[in-house]
Amino acid sequence: MMTLLFLILIAILVVFGVTDIRRQLISRPAFAFFKRVLPPLSQTEREAMEAGNVWWDGELFRGAPDWNQLHSYPANTLTEEEQAFLDNQVATLLTMLDDYQIVQGDQDLPEAVWEYIKKEKFFSFIIPKEYGGLAFSAHAASTIVSRVASRSMSAAVTIMVPNSLGPGELLAHYGTDEQKQQWLPGLASGAEVPCFALTAPTAGSDAGAIPDTGIVCKGEHNGEEVLGIRLTWDKRYITLAPVATVLGLAFKLRDPDGLLGDKEDIGITCALIPADHEGVQLGNRHNPLGMAFMNGTTRGNDVFIPIDWIIGGPDYAGRGWRMLVECLSAGRGISLPALATATAHLATRTTSAYCGVRQQFGVQIGEFEGIQEALARIAANTYTLESARKLTVTAVDTNQKPSVITAIAKYHMTELGRSVINDAMDVHAGKGIQLGPNNYLGNNYIASPVSITVEGANILTRNLMIFGQGATRCHPYVLAEMEAVANPDTDAGLKRFDSLLISHIVYAVRNAVVSFGHAITGSRFAAKPVAGPTGRHYQHLNRLSANLAIMTDISMMVLGGSLKRREMISARLGDVLSQLYLASAVLRNYEMDGRQQADLPFVHYALEQATQEAAKALDGVIRNFPNRAVGWLCRALLFPLGNHFNGPDDKRKREVAQAIMEPGCLRNRLTHLCPVDEQLNDGITELEQAFLAQRQVAPLHKALKKAQRSGLLSRGPVSEALLAAAVEAKVLTEEQAEQVLTAHALCRKAIDVDEFESL
Ligand SMILES: Cc1cc2nc3c(=O)[nH]c(=O)nc-3n(C[C@H](O)[C@H](O)[C@H](O)COP(=O)(O)OP(=O)(O)OC[C@H]3O[C@@H](n4cnc5c(N)ncnc54)[C@H](O)[C@@H]3O)c2cc1C
């Protein structure tokens, strides 16, 4: 037996150690196999793949995350100027927003709000100071948009769009000096309102397939014959289009007469066109679920524009797709995550308050376990969202363009936001449904599908982008192997492939061994980068990261190019990566916030949920793996003793729910994006006041109940008569009775809904 093992070992060493034998027996067949199974990348896929870079996602993908790297990313801070803007301009804007009137009444922001946001440069966060912009950090922009979204989604979207993918950002990155001088000061001051039109009726998710064309030709502009483009387009769903003064347009450029060079199909190109340019049609509005932000169509037929209206000038003809993908990657990491987190802060603040204010069956609804379960989900998901918001903007603020991470943020944060607002609506029940000036949830609930759809619809983002890009971008070897296989010089390609393959095999074996080892020991021997109550979570994440790495290799090896079509498998692998990202964001947030002990229930809940989701996704891949024998082998490797990631238990849920129902600095910190302020004088602030008043008189209610049980007072709800009797029986002082009455009146007002004589 020993001799046989020895001979096998020698054979392995010879095969892998002697270059010629290895190339002949391993690398050449593998090279041929890869050449056969790897699907050719389309130009748009290649550009999407090459745009952006790899950041923390690379660590999570490779099976052994360097946690020190995560904790060394800079903290999220605001400059004095940014903080002052939040405290003044944003605070003032919030007092000007009556979202019910905006949405149900005017279907537009009031004129005074338009003027204010332009005058105070709300459209200029990404414009450099030299052009009159505010040049705020991504963290500041995200915080501002979130605060506004806690009061009005329509106002937040209006502010968000010029600060996201669009003319301002494209000009700042790629514009010529002349174009910057011409447009950026006007965009910064609000004199110009931009929109950006990519989507066409026949090209939504597949934006690379836009039918809108531009033909390079000569034409007349300002009385002179110039080189230019004759454009025809038909775009829909364009935010701010109905009020835009400058239109960013994406189209496919062709040069049949060779006026720009020898290439006929130049490709996707972006240009800036003044809205009043002859032939430009703008103005028609869509109705996006009744929200009041401007959204509509733009069309043009044979519209001539000079060639230097291409963003970046003629040199950038055909480079539009890459420009869009790069800018989209940054934008996706800021705006939609901000909207989702704002909705979550709104939901947590108001639902935790409502749980203390609303009574049924004689007790506050927050005492029912069913409500506590929903409230715990709301609060813990809010903690995750805030953590992910902060980590993702850190990437943007440190000049990264992590396309995989921003796709994760876009998908998972908008989905978590949707889940949170759904739970909040369930807890509020009728109070959430009846629209009116006092309904603080309805518009955010109605708006949630908008975030799900825009900037890469969610099903596509989950199924195609996260793992599709992650597998090649974040994997330490696959992209290089693909390049080696695609090398037209086959010998050079094989040589490179051979050296990569050896490292790849070592890497895969390591991840397989680590996965199995951690599975049978419950990750107890995995590295713990920090001591204390969160250490165990790092161990589990190390195990799941190794699991992801080995499952990725096995899936790619067995399924090859067909993995791209098997979206249900690849999306689940993407889910593992995403949950690792959300979990690591939570751990980073806990460290950044100075390890607040009070946050621990939220941290544990979020981590237990994320690891449960990641393990569920792995289990789903294994269960549905097309090759059953391989599936069985994977189960033996990853879950030999079963899947023990059970998620938060009932005790944890109670703990989180009770913590968030406690007024004070923890609750204020976890809901800071939804401020309450007497000046705002809205339903949210009234509810908060009722909640605080009710909490203050809780001991007095106890005394009343005790007296009722003992027969000293008659049974029944709080009323003036009961309180008078309580004073007479010396259960309460007059002052205390007054406090109970005031709290009672505030609670009554807070549970009221709006009513109308007619609609
Ligand atoms: C309110 C609003 C504002 C917008 N603002 C702008 C703007 O300012 N500028 C602009 O250019 N565009 C804008 N859009 C367009 C937006 O980006 C598109 O709606 C989005 O790209 C999706 O296109 P679609 O709606 O046509 O869906 P479709 O492309 O028709 O998708 C239908 C479904 O198929 C799924 N799907 C598609 N391909 C795949 C795949 N390969 N795998 C799995 N699922 C897939 C999608 O996820 C979706 O669920 C806006 C849209 C809305 C609703």
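It should be emphasised that the depicted structure is a prediction, and the values quoted were computed from it without experimental measurement.

Analysis parameters
- Residues numbered from 1 in each chain as written.
- Predicted model: local features only at pLDDT ≥ 70, side-chain atom pairs only at ≥ 80, totals over all residues.
- Heavy atoms only, no water.
- Helix = DSSP H or I, 4+ residues; strand = E, 2+ residues; numbered from the N terminus.
- Rg over C-alpha atoms; globule rule 2.2 N^0.38 Å.
- Buried < 20%, exposed > 50% of the residue type's maximum accessible area, 1.4 Å probe, protein only.
- Contact = heavy atoms within 4.5 Å.
- Areas by Shrake-Rupley, 256 points an atom, 1.4 Å probe, with all protein chains shown as cover.
- Lys, Arg positive; Asp, Glu negative; His and termini not counted.
- Charge placed at Lys NZ, Arg CZ, Asp CG, Glu CD.
- Patch = residues over 30% accessible without salt bridge, like charges linked within 9 Å, V, L, I, M, F, W, Y side chains within 5 Å.
- Salt bridge = Lys/Arg side-chain N within 4 Å of Asp/Glu carboxyl O.
- Near = heavy atom within 4 Å.
- Polar contact = N/O pair within 3.5 Å; in protein donor to acceptor, adjacent residues only side chain to side chain.
- Nonpolar A, V, L, I, M, F, W, Y, C, P; charged D, E, K, R; others polar.
- Pairing = 2+ DSSP bridges.
- Phe/Tyr/Trp six-rings, centres within 6.5 Å; stacked < 30°, edge-to-face > 60°.
- Lys NZ or Arg CZ within 6 Å of the ring centre and 35° of its normal.
- Expected span 1.5 Å × (residues − 1).
- Core = buried A, V, L, I, M, F, W, Y, C linked by side-chain atoms within 4.5 Å.

### Here we look at the overall build of the protein chain
A tally of helices and strands in the protein chain yields 31 helices and nine strands. In summary, the protein chain has a C-alpha radius of gyration of 29 Å against a globular reference of 27 Å for 759 residues, a match within 12%. The buried share among the 759 residues of the protein chain stands at 56%. Sequence-distant contacts, at least 24 apart, represent 75% of the contacts inside the protein chain between residues at least 6 apart. When the accessible surface of the protein chain is split by element, carbon and sulfur atoms take 53% of a total near 32,100 Å². Between the averaged position of the 69 positive side-chain charges in the protein chain and that of its 81 negative side-chain charges there is a distance of 10 Å.

### What to know about a negative patch on the surface
On the surface, Glu 130, Asp 177, Glu 178 and Asp 308 cluster together into a negatively charged patch. Its place among the elements puts Asp 308 in the loop between strand S7 (295-306) and helix H13 (320-332). With a relative accessible area of 44%, Asp 308 lands in the partly exposed category.

### What to know about the site of the ligand
Neighbouring the ligand are 20 residues, the closest being Leu 198, Thr 199, Ser 205, Tyr 237 and Glu 567. In the environment of the ligand, a nitrogen atom lies 2.8 Å from a nitrogen or oxygen atom belonging to the backbone of Tyr 237. Thr 239 is positioned such that a nitrogen or oxygen atom in its side chain is 2.9 Å from a nitrogen atom of the ligand. Starting from 980 Å² of accessible surface for the ligand in isolation, the protein chains cover 69%. For the shell around the ligand, the secondary-structure elements that each account for two or more residues are strand S1 (194-197), strand S3 (224-239), helix H18 (442-453) and helix H19 (458-473). Of the residues that constitute the shell around the ligand, the class distribution is 12 nonpolar, six polar and two charged.

### Comments concerning the pairing of S7
When you tally the buried positions in S7, you get nine out of 12 residues, the bulk of the element. In this structure, S3 lies alongside S7, joined through nine bridges in antiparallel fashion. Bridge pairing in S7 places Ile 238 opposite Gly 296.

### Describing the packing of aromatic side chains
One pair of aromatic rings is described through two measures. These are the centre distance and the angle between the planes. Summed over the entire model, instances satisfying the criterion amount to 16 aromatic pairs. Seen in terms of ring centroids, Phe 31 and Phe 497 are 5.4 Å apart; in terms of plane orientation they differ by 75 degrees. Their pairing is edge-to-face. A residue pair is termed long-range when its members are at least 10 positions apart, and Phe 31 in helix H2 (residues 19-37) and Phe 497 in helix H21 (residues 490-521) qualify at 466 residues. Comparing Phe 31 with Phe 497 shows no difference in burial state: the two are buried. Arranged with centres 6.2 Å apart and planes meeting at 85 degrees, the rings of Phe 361 and Phe 368 form a pair that is edge-to-face. Residue classification places Phe 368 among the partly exposed positions, given a relative accessible area of 29%. Against the face of Tyr 316 rests Arg 319, its NZ or CZ located 4.3 Å from the ring centre.

### Some remarks on the pairing of strand S5 (residues 265-274)
Counting buried positions along S5 gives eight out of 10 residues, so the element sits mostly inside the fold. Where strand S4 (residues 246-254) and S5 come together, nine bridges link them in antiparallel fashion. Counted as the bridge partner of Leu 253 is Gly 267 from S5.

### A word on H13
A rise of 1.5 Å per residue sets the reference length of H13, with its 13 residues, at 18 Å; its end C-alpha atoms lie 18 Å apart and thus fit the reference within 8%. Most of H13 sits out of view: 11 of its 13 residues are buried. Taken as a whole, H13 has its buried residues at Gly 320, Trp 321, Met 323, Leu 324, Val 325, Glu 326, Cys 327, Ser 329, Ala 330, Gly 331 and Arg 332.

### Quick look at the nonpolar core
Most often, soluble globular proteins keep nonpolar side chains buried together rather than apart. If you look at the biggest cluster of nonpolar residues, it comprises 105 residues, and the most contacted ones within it are Trp 56, Leu 391, Met 551, Leu 577, Tyr 581, Phe 602 and Leu 638. Those residues within four positions of Phe 602 in sequence are excluded, and the remaining contacts are Ala 379, Ala 380, Tyr 383, Val 656, Ala 659, Ile 660, Leu 666 and Leu 670. Trp 114, Ala 203, Phe 251 and Phe 293 belong to the second-largest nonpolar core, a separate cluster that totals 101 residues.

### Quick word on a positive patch on the surface
A cluster of basic residues, Lys 705, Lys 706, Arg 709 and Arg 715, forms a positive patch on the protein surface. Within the fold, Lys 705 resides in helix H29 (residues 698-709).

### Quick word on the side chain of Ser 335
Relative to the helices and strands, Ser 335 resides in helix H14 (residues 335-357). For Ser 335, a relative accessible area of 5% corresponds to the buried category. When residues no more than four places from it in sequence are discounted, the contact partners of Ser 335 are Met 160, Ser 164 and Glu 455.

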